[in-house]
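The primary structure of each chain is shown beneath.
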Amino acid sequence: MYKHPRQETEAYTLPPFEANSVGKLRYIPAHNSLKRYCMLEPSSSSSLVSPAYAVPSNATVNSSAHEDTSGSCVTDDFNDKIKELETVMMGPDSLVFDYNDSFDSTSCQETNSWRSTLEAISRRDLRADLVSCAQALSENDLMMAHSMMEKLRQMVSVSGEPIQRLGAYLLEGLVAKLASSGSSIYKSLYRFSEPASTELLSYMHILYEVCPYFKFGYMSANGAIAEAMKEDNRVHIIDFQISQGSQWVTLIQAFAARPGGPPRIRITGIDDTTSAYARGGGLSIVGNRLAKLAKQFNVPFEFNSVSVSASEVKLKDLGVRPGEALAVNFAFVLHHMPDESVSTENHRDRLLRMVKSLSPKVVTLVEQESNTNTAAFFPRFKETMDYYDAMFESIDVTLPRNHKQRINVEQHCLARDVVNIIACEGADRVERHELLGKWRSRFEMAGFTSYPLSPLVNSTIKSLLRNYSDKYRLEERDGALYLGWMQRDLVASCAWK
């Protein structure tokens, strides 16, 4: 969910598909539109059609051509580039046949042969083939990578099974990685397909409702803050990624019902252009919404806006005042901070040391339980596939496959993260998740000690999960809560002081 300014990107192509048994097989030509790059739009009909390759007739496959991407064709006509960009999410339904007027027995044999080929493809292990393709790419076996991509693009589909849908986005990342221009392609993917802010809010709300991951994180963090501040009359909460401010609605209501009356609440909301776009405006939208809610519940309230990226926050921006009980919230934000593997400034640890210097009463951490920060490309790919496979499966259980907005939800709320993890390196790879064990080391190095979560938080979240699939599981380990899908941990939550 990132919005980037318009910029040029390198064109890249793969060789055209060849079917020995069906000489008349062709792809639907790319539409002359600036709306799409590599992502599919949901059609008004039940079928989905994507642009295909626009490849010169003399296209060849050779490793040297792909080792030197500096020679890629870059034109001033952006339409030409769109035609050259690979659309990797085509399933078999995207294919059309072009028969001669005379449909003889030879054509029947060709058709039957093609059907047999599709049936054979459908029996292949998509996960294993995705891994094989990534391994070939990691070993610089470009011929094998090309071959696997040709097979994979017949196996993935944004409207198929969970692994087929995820496979479409994984393959998109692999193609961008192969082109050695993953960063520029990643930044351009949604340049023309970025939905209006109202639409994006709608997609985010759907994901928020059908999966408990965000609710789990917000509820566990709020429970820790409410417990730590239960006897304080002046509370200051610093949220390093306030987004739409949804997390604080329930906390304000909880404080309003506190015996003895609510405290005076001040929230410092830190923002960036990504969140501003996602909610359709600046931080004033969040401040006004929360102030209106607080007034409704007779809670004294003040909002302080800090319109910068979290990695750029300085001590003076936070406006800490004497006599306030301070809570700091890191919900799904720290993994975007560059660490020592990316920047000499190491914003990830710098922020923690800065927050510790403020002597907060409680600091809450919610992060995806995944290991993609410093991992090399191949293990990073496997970890990403394993993590998002569980997430896509969980969506499939709650959100019907024929839901007209499901493709948009997955594309605009999840797919971009997948492509970024796979295709980008260095500072351009902003999705850098770490396991809780690593976060624990960082907090301890900054001088924090663990703050045990209240048993009430655990029981409240268990009640929440009753509204969802029984395949979700909640586990408490070493003072932290883990929300998982079946055997895979997906989100971890803990608190520090």
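Residues numbered from 1 in each chain as written. Predicted model: local features only at pLDDT ≥ 70, side-chain atom pairs only at ≥ 80, totals over all residues. Heavy atoms only, no water.

What follows covers the confidence of the model for the protein. Residues with a pLDDT of 70 or more make up 72% of the protein, whose mean pLDDT is 78. pLDDT under 50 marks residues 1-106. Its contacts with residues more than four places away, or in other chains, come to 221 contacts. (pLDDT = per-residue confidence, 0-100. Contact = heavy atoms within 4.5 Å.)

Glancing now at the pairing of strand 6 (residues 325-331). Residues in a regular strand project their side chains so that they alternate between the two faces of the sheet. Most of strand 6 sits out of view: seven of its seven residues are buried. Alternating positions in strand 6 separate into two faces, Ala325, Ala327, Asn329 and Ala331 on one and Leu326, Val328 and Phe330 on the other, with burial throughout. Relative to strand 6, strand 3 (residues 234-239) is paired through five bridges, and the arrangement is parallel. Within the sheet, the bridge partner assigned to Ile238 lies in strand 6 and is Val328. The pairing of strand 6 with strand 7 (residues 362-368) spans five bridges and is classified as parallel. (Buried < 20%, exposed > 50% of the residue type's maximum accessible area, 1.4 Å probe, protein only. Helix = DSSP H or I, 4+ residues; strand = E, 2+ residues; numbered from the N terminus. Pairing = 2+ DSSP bridges.)

Right, let's get into the sheet that holds strand 6. Read from one edge to the other, the open sheet built from eight strands follows the order 5-4-3-6-7-10-9-8, with strand pairing classed as mixed. With partners counted over all chains shown, the strands left at the sheet margins are strand 5 (301-306) and strand 8 (472-477), one partner each. Averaged over all pairs of adjacent strands, the angle between their axes in this sheet comes to 15°, without regard to strand direction. The strands touched by helix 12 (residues 283-296) within the sheet are strand 4 (264-270) and strand 5, with strand 5 carrying the most contacts at an inclination of about 170°. (Axes fitted to C-alpha atoms, helices over the stretch in contact; angles between N-to-C directions.)

By the criterion of burial, strand 10 (residues 488-496) is predominantly enclosed, with nine of the nine residues buried. Relative to strand 10, strand 7 runs antiparallel, the two sharing six bridges. Paired with Val366 across the two strands is Ser493, which belongs to strand 10. Pairing geometry for strand 9 (residues 480-485) and strand 10, over five bridges, is antiparallel.

Glancing now at the environment of Glu172. In this structure, Glu172 sits in helix 6 (residues 162-178). Once the C-alpha coordinates of Glu172 and Ala415 are considered, the two residues, 243 residues apart in sequence, prove to be 9.5 Å apart.

Generally speaking, a soluble globular protein has its nonpolar side chains buried in company with each other. Judged by nonpolar contacts, the single largest core of 96 residues is most densely connected at Leu174, Tyr213, Val362 and Tyr388. Residue contributions to this core peak at 10 residues, all from helix 14 (residues 377-398). Ala310, Leu352, Leu358 and Trp496 belong to the second-largest nonpolar core, a separate cluster that totals 30 residues. (Core = buried A, V, L, I, M, F, W, Y, C linked by side-chain atoms within 4.5 Å.)

In the structure shown here, the tally under the stated rule is 28 salt bridges. With its nearest N and O atoms 3.1 Å apart, the salt bridge here joins Glu161 to Arg401. Residue Glu161 is found in the loop between helix 5 (142-152) and helix 6, and its partner Arg401 is found in the loop between helix 14 and helix 15 (406-423); the two are separated by 240 residues along the sequence. On the basis of relative accessibility, which here comes to 40%, the residue Glu161 falls in the partly exposed class. The partner of Glu383 in a salt bridge is Arg488, and the shortest N-O contact between them spans 2.9 Å. Within this pair, whereas Glu383 is found in helix 14, its partner Arg488 is found in strand 10, the two being separated by 105 residues in sequence. Residue class for Glu383 comes out buried when judged on its relative accessible area of 17%. Judged by relative accessible area, Arg488 falls into the buried class, the value being 14%. What you see here is one network of salt bridges that share partners, running through Glu161, Arg165, Asp396, Arg401, Arg406 and Glu410. (Salt bridge = Lys/Arg side-chain N within 4 Å of Asp/Glu carboxyl O.)

The subject of this paragraph is the packing of helix 6 against helix 14. Interhelical geometry of helix 6 versus helix 14 gives an angle of 150° and a closest axis separation of 8 Å. It follows from the interaxial angle that helix 6 and helix 14 lie roughly antiparallel. Read as a crossing pair, helix 6 and helix 14 show a hand that is right-handed. Here Pro162, Ile163, Arg165, Leu166, Tyr169, Leu170, Leu174 and Lys177 of helix 6 come into contact with helix 14, specifically with Phe377, Arg380, Phe381, Thr384, Met385, Tyr388, Asp389, Phe392, Glu393 and Asp396. When the residues that make up the contact of helix 6 with helix 14 are grouped by side-chain class, the tally is 11 nonpolar, one polar and six charged. (Parallel < 35°, antiparallel > 145°, perpendicular 65-115°, else oblique. Left-handed = near helix turned anticlockwise from the far one by under 90°. Nonpolar A, V, L, I, M, F, W, Y, C, P; charged D, E, K, R; others polar.)

Next up on the list: helix 6. Taking 1.5 Å as the rise per residue, helix 6 with 17 residues should run 24 Å; its terminal C-alpha atoms sit 24 Å apart, in good agreement. A large share of helix 6 lies buried, amounting to 15 of its 17 residues. (Expected span 1.5 Å × (residues − 1).)

This part covers the packing of helix 14 against helix 15. It is at 9 Å that the axes of helix 14 and helix 15 come closest, and there the two elements cross at 165°. Regarding the angle of helix 14 to helix 15, the classification is roughly antiparallel. The handedness of the crossing between helix 14 and helix 15 is right-handed. Facing helix 14, whose interface residues are Phe377, Arg380, Phe381, Thr384, Tyr388, Met391, Phe392 and Ile395, helix 15 presents Glu410, Leu414, Asp417, Val418, Ile421 and Ile422. Residue classes in the contact of helix 14 with helix 15 are distributed as 10 nonpolar, one polar and three charged.

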